[in-house]
Every structure is written in structure tokens, then in C-alpha cells.
Amino acid sequence: MIPYTVNIKLAARTLTGTLNLQNKTAVDWGWQGLIAQGCHSSILIIDPKTAQTIQVLERHKANVVKVKWSRENYYHNLSSPYCLRLASGDASGKIIVWDVVSGTAHCEIQEHSKPIQDLEWLWNQDASRDLLLAVHPPNYIVLWNGDTGTKLWKKSYAENILSFSFDPFDPSNMALLTSEGIVFITDFSYSKPPSNAGKKVYIASPHASPAHTKPAPAAAPAPTGAKKALNKVKVLITNEKPTAEAVTLNDCLQLSYLPSKRNHMLLLYPREILILDLELSQTVGVVAIERSGVPFTQVIPCAQRDALYCLHENGCITLRVCRSTSAQEEAADPEQSVQELVYDLRSQCDAIRVTKTVRPYRMVICPVNENKAALMVSDGRVMLWELKAHTGRSVANP
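Report follows, based on the coordinates. What you see is a predicted model; the values in this text were computed from it and never measured.

Quick word on the sheet that holds strand E11 (residues 140-145)
Spatially, E9-E10-E11-E12 is the arrangement adopted by the four strands of the open sheet, whose pairing is antiparallel. The outermost strands of the open sheet, each flanked by one partner alone, are strand E9 (118-121) and strand E12 (150-156). For this sheet, the mean angle separating the axes of adjacent strands, direction not counted, is 15°. The pairing of E11 with E12 spans six bridges and is classified as antiparallel.

And the structure:
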């Protein structure tokens with residue numbers, strides 16, 4: 001009998017387990033409806049509808065620290081169709097741009113040997129759909145062509161850069177969160193690096209501010225509402241470097257522009273969220289947690305409504321919706337009047353059982369309808385939550 005062989009091509013199957021600590025921020029929910037998650041040196045592509053892993057990308061030699069889906073908002077036809085593009089950065093400083101459908105690396109980029117701090121595709125311009133901005137430690141931002149791997153420009157700053165955020169209403173505005181404060185850039189362009197070092201603004205710890213520590217005079221009434229926010233902003237935003245006792249350094253966890261409100265920015269601290277009005281240079285909203293409450297770890301602002309998805313240290317996800325109020329006692333003086341933003345708690349999910357090996361890592365929301373959230377847990381689980389409207393019973397007419 002003549003022996004014969006049959007070549008059967010089977011897709012590679014990777015069984016994932018507990019995540020590495022460096023994978024903590026390596027998750028992103030794309031506009032096409034897929035979730036990319038870093039697991040050690042591999043990248044999992046998860047379909048939220050079926051909660052199944054449909055693709056595994058394996059080419060990194062170090063732990064994956066960042067993943068970003070391309071927006072895919074360009075003109076397409078049969079000759080230039082949409083393709084599932086994903087950019088990933090690892091702890092060795094390598095960036096890989098993937099063709100997710102075929103599971104192959106389209107481009108590899110290497111600048112330094114330190115972990116990538118932040119990644120973002122430049123989606124709000126028509127020059128090219130392949131522009132990728134990256135933060136290379138300690139203080140470099142580099143604009144890459146994600147199709148060819150070409151470095152377009154490179155810019156260094158005085159402080160260590162932790163992350164950045166683009167103004168969704170003006171792509172030339174950009175904010176850098178550094179180890180000492182915030183750097184505002186107003187001339188960002190894909191064609192050339194920023195011309196100057198930007199405007200440096202220092203931020204002081206909210207709990208170290210006089211609004212918290214200095215007792216109010218007995219004769220003066222206690223400040224409330226907008227006045228309390230105005231008193232706090234005097235030491236929160238300053239052009240002078242604060243003292244060592246008041247500087248936040250590691251206190252500020254996150255910086256982000258609000259996509260639902262022009263010229264507003266969000267600063268996240270473990271026990272409170274500050275909403276800044278950049279035109280007035282004032283704090284116009286404070287979301288604080290009581291002493292018995294669970295601290296924040298992450299906040300995602302929504303674009304379709306002024307709402308905040310908040311992740312807490314126990315894995316609980318809360319939704320807070322803005323309720324705008326105006327200070328009536330200051331309405332008579334238009335120069336001192338300010339609109340105070342109050343975020344009411346509307347919904348929350350169950351917490352997880354946190355242990356030494358089980359901790360919540362990161363949260364992402366669906367960018368299309370913003371009513372679904374996914375929580376990445378350190379043991380490798382991805383928990384999917386969906387926000388649904390609750391219709392209460394109508395009150396009977398007496």
C-alpha cells in the first residue's frame with residue numbers, strides 16, 4: 001500500500017492565562033466592534049458579541065503595554081478597502097502595526113529600548129490615514145508613518161511624559177501629562193514638530209490645597225458650590241512650580257479632554273475627579289468620594305452625552321451623568337458667575353472579589369453607542385457589561 005499524506009492547515013490556538021502587570025493598559029475597543037487585549041507578548045482579538053477569541057497575534061518578544069485600533073474613517077472603495085489595523089507597543093520599545101485579518105505584521109518600528117508610554121492614531125486629518133503618534137520614554141514624542149515605518153518628526157521635552165490627550169474640537173491643541181504638571185501645545189501639526197516647548201502649568205494636590213487645610217474664619221460663611229471650586233482652583237492651576245509638599249507628581253492618574261464639552265478637561269485623582277474650564281482656567285466640577293468609598297482607578301468620558309464611566313479599585317463600574325447648575329448667588333455679577341457641573345450617579349455594576357492575584361486592570365467602552373463596557377481582570381478574564389434603560393412604573397392618578 002502506497003503511503004500518502006494530507007496537509008491540513010489549522011489555525012494556531014493560544015490558551016491564555018493570568019496577565020502580566022505590564023499588560024495593565026493594553027486593551028482597546030475598536031469602532032468595528034472588536035476588543036484587542038495584550039496578554040504577555042501576545043495580542044488577543046475578542047468578539048464581544050460571542051465573547052470568543054477570534055485571532056491571536058504573536059510577534060512581540062516582550063510584554064505588550066499598549067494597543068490601539070485605527071479609526072478607519074477614510075474614503076474606501078474596492079481598490080482601497082477597509083482593513084483591520086492595530087498598533088501595539090511592547091516593553092522593549094517596539095511598535096508593530098498589524099493586519100489583523102491575516103494575522104501578519106505590516107510594519108515594525110523601533111526607536112528606543114524602553115516601554116512605550118502612549119499611542120494614538122491621528123484620525124482627525126485628511127493628509128494620511130497612517131499617521132501614528134507615540135511617546136517614547138523618557139521625554140520624546142515621535143510621529144510615525146504606520147504604513148512604511150518612517151519617522152516624520154521627533155520632539156523632546158524637559159519632563160518625563162506620562163501620557164497625552166488631543167482636543168477633539170481642535171486637532172492643533174494637545175495636552176501632555178508629565179511628572180510635574182501639564183504641558184499645553186497649541187501648534188500641533190503632522191507636517192512639522194511643535195515650534196516651542198508649550199505652556200507649562202503646574203497642578204497641586206487637591207488635598208494639600210488651602211481649600212482643604214486652612215480653616216475658614218469664624219465670621220465668614222463656609223464656601224459652597226461654585227465658590228468652593230473657585231477657591232480650590234487658585235492653587236490647582238498655576239504657572240509657578242508648587243512646593244514639594246503640594247506637587248502631585250504621582251497623584252494625578254489621568255488627563256483627558258472632554259469630548260462632549262468644548263474647552264473642558266478632566267483630571268483624575270484617586271479620590272476625586274476635577275473638571276477644568278480651560279477658557280476660564282477654573283475648576284467647574286468636582287466628583288469626590290467619601291472616606292468610606294472605593295477610590296477611582298480610571299475614567300472614560302463619553303462623547304455623545306456629558307457622562308463619565310468610572311472604574312473603582314474593587315472592579316465596580318459606575319456611570320455618572322452631568323447635571324448643569326448655575327450659582328444663583330453670583331448671577332448678579334456676570335464677571336464672577338460660573339457654571340458648576342454636577343455629575344449624578346445613575347448606574348453601577350457589581351464589584352469583583354479582589355485578592356492578591358485578582359485585581360481589575362482596565363476598562364474600555366464601545367465607541368459606537370457607548371452603552372457597553374468591558375473590564376479586563378488580572379487573571380485573564382474579560383467581563384462584559386451592558387447599560388440598559390430602566391423604565392419605572394407610572395404613578396397612578398389618585
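Comments concerning the pattern of salt bridges
Going through the model one piece at a time under the given rule, you end up with 10 salt bridges. One salt bridge in this structure joins Lys94 and Glu108, with 3.4 Å as the shortest N-O distance. Here the residue Lys94 occupies a position in strand E7 (residues 94-99), and Glu108 occupies one in strand E8 (residues 104-110), the gap between them amounting to 14 residues. Classification of Glu108 by relative accessible area gives partly exposed; the value is 35%. Several salt bridges converge on common partners, so that one network encompasses Arg59, Lys94 and Glu108.

A look at the packing of aromatic side chains
Evaluated as defined, the whole model comprises three aromatic pairs. Ring geometry for Trp153 versus Phe188: centroids 5.7 Å apart, planes at 70°, classification edge-to-face. You can see Trp153 sitting in strand E12 and its partner Phe188 sitting in the loop between strand E15 (181-185) and strand E16 (199-202), a full 35 residues away along the chain. A single burial state applies to Trp153 and to Phe188, both of which are buried. Ring geometry for Phe164 against Phe166: centres 5.8 Å apart, planes inclined by 80°, an arrangement best described as edge-to-face. For Phe164, a relative accessible area of 7% gives the class buried. Cation over ring: Arg85 sits above Trp121, and NZ or CZ is 4.7 Å from the ring centre. The lysine or arginine in question, Lys154, covers the ring of Tyr140, its NZ or CZ lying 4.2 Å from the ring centre.

What about the environment of Val358?
The residue Val358 is located in the loop between strand E24 (339-348) and strand E25 (360-365) in this model. Judged by relative accessible area, which is 14%, Val358 ranks as buried. On a C-alpha basis, the gap between Val358 and Gly315 in space is 9.9 Å, while along the polypeptide they are 43 residues apart. In contact with Val358, not counting residues within four places along its chain, are Ile352, Arg353, Val377, Ser378, Asp379 and Arg381.

Conventions and cut-offs
Residues numbered from 1 in each chain as written. Predicted model: local features only at pLDDT ≥ 70, side-chain atom pairs only at ≥ 80, totals over all residues. Heavy atoms only, no water. Pairing = 2+ DSSP bridges. Helix = DSSP H or I, 4+ residues; strand = E, 2+ residues; numbered from the N terminus. Axes fitted to C-alpha atoms, helices over the stretch in contact; angles between N-to-C directions. Salt bridge = Lys/Arg side-chain N within 4 Å of Asp/Glu carboxyl O. Buried < 20%, exposed > 50% of the residue type's maximum accessible area, 1.4 Å probe, protein only. Phe/Tyr/Trp six-rings, centres within 6.5 Å; stacked < 30°, edge-to-face > 60°. Lys NZ or Arg CZ within 6 Å of the ring centre and 35° of its normal. Contact = heavy atoms within 4.5 Å.

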